[in-house]
Amino acid sequence: MTTLSPSHPVRRRPRGAPSAIPGETPGSPPWRALKSLILLACVVLVLLPFLAIVSTSVADTAQVTRTGGYVLWPDHPGLGAYTALLSGGLVSKAMVVSVGVTVVGTSLSLLSSVSLAYGLSRPGSFGHKPVLMLLLMSMLFVPGVIPSYLMVKQLGLINSYWSLILPSMLNAFNVIVLRSFFMGIPKELIDSARIDGASELRILTRIVLPLSKASVAVVGLFYAVTYWNAFFNALLYINDAAKWPLQMVLRTYVVNNAALSGGQVDVAAGTPLPPTQSLQAAILVLSVVPIVIVYPFLQRHMNKGVMVGAVKG
């Protein structure tokens, strides 16, 4: 091992000199200030619409009427719109349906994706190449709406909650990401477990999955967001409004601007119905809050899980 002697002092990079990292320069203070202002303007542009939606959902009727629709900052905030929606039954039932579909669908999707990805990551597994080719072909040739509807109808899933889960239970891209990550696990670990007599299921649950928490968490987030935001399957396969998920309610009463009837909202006797804008804003907030709550817990896995799984293999 070599050491630095006093006759060979360490050379330091002069202040203000270009960085050793390609493409990185220190920049002058005015340029840094300009970049900070640009980033601040982008943050304001992103947060301003969300603030207006939240403020409108808690604003009183007089202020919403006075401003002509949307409120940027409420004078007398209240939860009347949320109480009316959740007490009426329509939105509360839709939230239960969305949560149930998201939890069950994400669990089944992760189970099937992890199992298929682990099998495809083992080169000697039965039917490895044909199944992989079928999976890749499914990314290129997507079935149309009519064949999908006929298949769901033949299976007897029309107006069933399973029609919101089964057609989108397996995503080829997510399986490829998991397969790439599983292939990056050292082969010596799996071989040593086999020598010790561990079964494939034990290897998957005790070795592969603990080392793949980042990728599994990211894929689970992808599936959860897909199920939570999906409305097209409900539009095609669900005929009973009582079985609508929250996104279908959002599309009907916010995007299409349909009027909420008296049986879909509930207010106390003598209390006026909240304005339509407040009710629509409240539905928007209720549809966004669950993902906003879950995302920070999985955000730290995003870069590691996606990049490692996508680059390898």
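In this text, all values refer to a predicted model and were calculated from it rather than measured experimentally. Here, residues in each chain are numbered from 1, in the same order as that chain's written sequence. Confidence filtering applies because this is a predicted model: local features only for residues at pLDDT of at least 70, side-chain atom pairs given and counted only at 80 or more, and all residues used for totals across whole chains, interfaces and linings. The side-chain numbers reported here are obtained from all heavy atoms of the structure, hydrogens and water having been left aside.

## Notes on a nonpolar patch on the surface
Consideration 1: A surface patch of nonpolar side chains, about 850 Å² in accessible area, is lined by Met133, Leu134, Leu136, Met137, Met139, Leu140, Phe141 and Phe173.
Consideration 2: Ranked by residue count, the leading element in the nonpolar patch is helix H5 (residues 128–140), at 6 residues.
Consideration 3: What counts as a helix is a DSSP run of H or I of at least four residues, what counts as a strand is a run of E of at least two, and both are numbered from the N terminus. Relative to the helices and strands, Leu134 is located in helix H5. Only residues whose relative accessible area exceeds 30% and that take part in no salt bridge are eligible for patches, with like-charged residues grouped when within 9 Å of each other and nonpolar side chains (Val, Leu, Ile, Met, Phe, Trp, Tyr) grouped when within 5 Å. Per-residue and other accessible areas follow the Shrake-Rupley method at a 1.4 Å probe size, with only the shown protein chains counted as cover for residues. By convention in these notes, a salt bridge is any Lys or Arg side-chain nitrogen within 4 Å of a carboxyl oxygen on Asp or Glu.

## Details of unusual backbone geometry
Consideration 1: Look at Asn159: it is not a glycine, yet its phi comes out positive at around 65°.
Consideration 2: Relative to the helices and strands, Asn159 resides in the loop between helix H6 (145–154) and helix H7 (172–183).

## Some details on the packing of helix H4 (residues 90–121) against H5
Consideration 1: Orientation is described by lines fitted to C-alpha atoms, with helices fitted over the stretch in contact, and by angles between N-to-C directions that extend from 0 to 180 degrees. Interhelical geometry of H4 versus H5 gives an angle of 130° and a closest axis separation of 9 Å. Considered as vectors, H4 and H5 are oriented oblique to each other. Of the two possible hands of crossing, H4 and H5 adopt the one that is left-handed. Contact residues: H4 offers Leu116, Gly119 and Leu120, while H5 offers His128, Val131, Leu132 and Leu135.
Consideration 2: Side-chain classes follow a simple rule in which Ala, Val, Leu, Ile, Met, Phe, Trp, Tyr, Cys and Pro form the nonpolar group, Asp, Glu, Lys and Arg form the charged group, and the remainder, Gly included, forms the polar group. Of the residues that constitute the contact of H4 with H5, the class distribution is 5 nonpolar, 2 polar and no charged. Comment on the angle field: the value is read as roughly parallel under 35 degrees, roughly antiparallel over 145, roughly perpendicular from 65 to 115, and oblique elsewhere. Left-handed describes a crossing whose near helix is turned anticlockwise from the far helix through less than a right angle; right-handed describes the clockwise counterpart. In this description, contact between two residues means that some pair of their heavy atoms is separated by no more than 4.5 Å.

## Considerations on the environment of Tyr227
Consideration 1: For Tyr227, the location among the structural elements is in helix H10 (residues 213–229).
Consideration 2: Three exposure classes are used, based on accessible area relative to the maximum for each residue type with a 1.4 Å probe and protein chains only: buried under 20%, partly exposed in between, and exposed over 50%. Since its relative accessible area comes to 5%, Tyr227 is described here as buried.
Consideration 3: It is 7.5 Å that separates the C-alpha atoms of Tyr227 and Thr106, two residues lying 121 residues apart in sequence.
Consideration 4: Aside from chain neighbours lying at most four places away, what touches Tyr227 is Val101, Thr102, Gly105, Thr106, Ser109, Leu164, Ile165, Ser168 and Met169.

## As for H7
Consideration 1: Each residue after the first adds 1.5 Å to the expected span of a helix. Here H7 is 12 residues long and its end C-alpha atoms lie 16 Å apart, about the 16 Å a rise of 1.5 Å per residue gives.
Consideration 2: Taken together, the buried positions of H7 are occupied by Ala172, Asn174, Val175, Ile176, Val177, Leu178, Arg179, Ser180, Phe181 and Phe182.
Consideration 3: A side-chain oxygen of the first residue of H7 lies 3.0 Å from the backbone nitrogen of Phe173; this N-cap is Asn171. Whenever two N or O atoms come within 3.5 Å, that pair is a polar contact, provided that in protein one can donate a hydrogen and the other can accept it, and provided that, for residues adjacent in sequence, both atoms are side-chain atoms.

## Quick look at the confidence of the model for the chain
Consideration 1: Summarising the model, the chain shows a mean pLDDT of 80, and 81% of its residues fall at 70 or more.
Consideration 2: When pLDDT is averaged over each helix and strand of the chain, the minimum, 53, is found for helix H14 (residues 302–311) and the maximum, 91, for H4.
Consideration 3: Values of pLDDT, which run from 0 to 100, indicate the predictor's confidence residue by residue. Counting interchain partners and residues more than four positions distant, the pLDDT-below-50 stretch residues 19–24 has 2 contacts.
Consideration 4: Scored below 50 in pLDDT, residues 309–313 shows 6 contacts in the model against residues more than four places distant or in partner chains.

## Let's talk about the pattern of salt bridges
Oppositely charged side chains are able to pair whenever their charged atoms sit close together.
Consideration 1: Evaluated as defined, the whole model comprises 4 salt bridges.
Consideration 2: The closest approach of N and O atoms between Asp191 and Lys187, which form a salt bridge, is 2.8 Å. With Asp191 and Lys187 both in helix H8 (residues 187–195) and 4 residues apart, the pair spans about one turn of that helix.
Consideration 3: On the basis of relative accessibility, which here comes to 27%, the residue Asp191 falls in the partly exposed class.
Consideration 4: The salt bridge involving Arg194 is made with Asp191; its shortest N-O contact spans 3.5 Å. A residue pair is termed a helical-turn pair when its members lie 3 or 4 positions apart in one helix, as Arg194 and Asp191 do in helix H8 at 3 residues.

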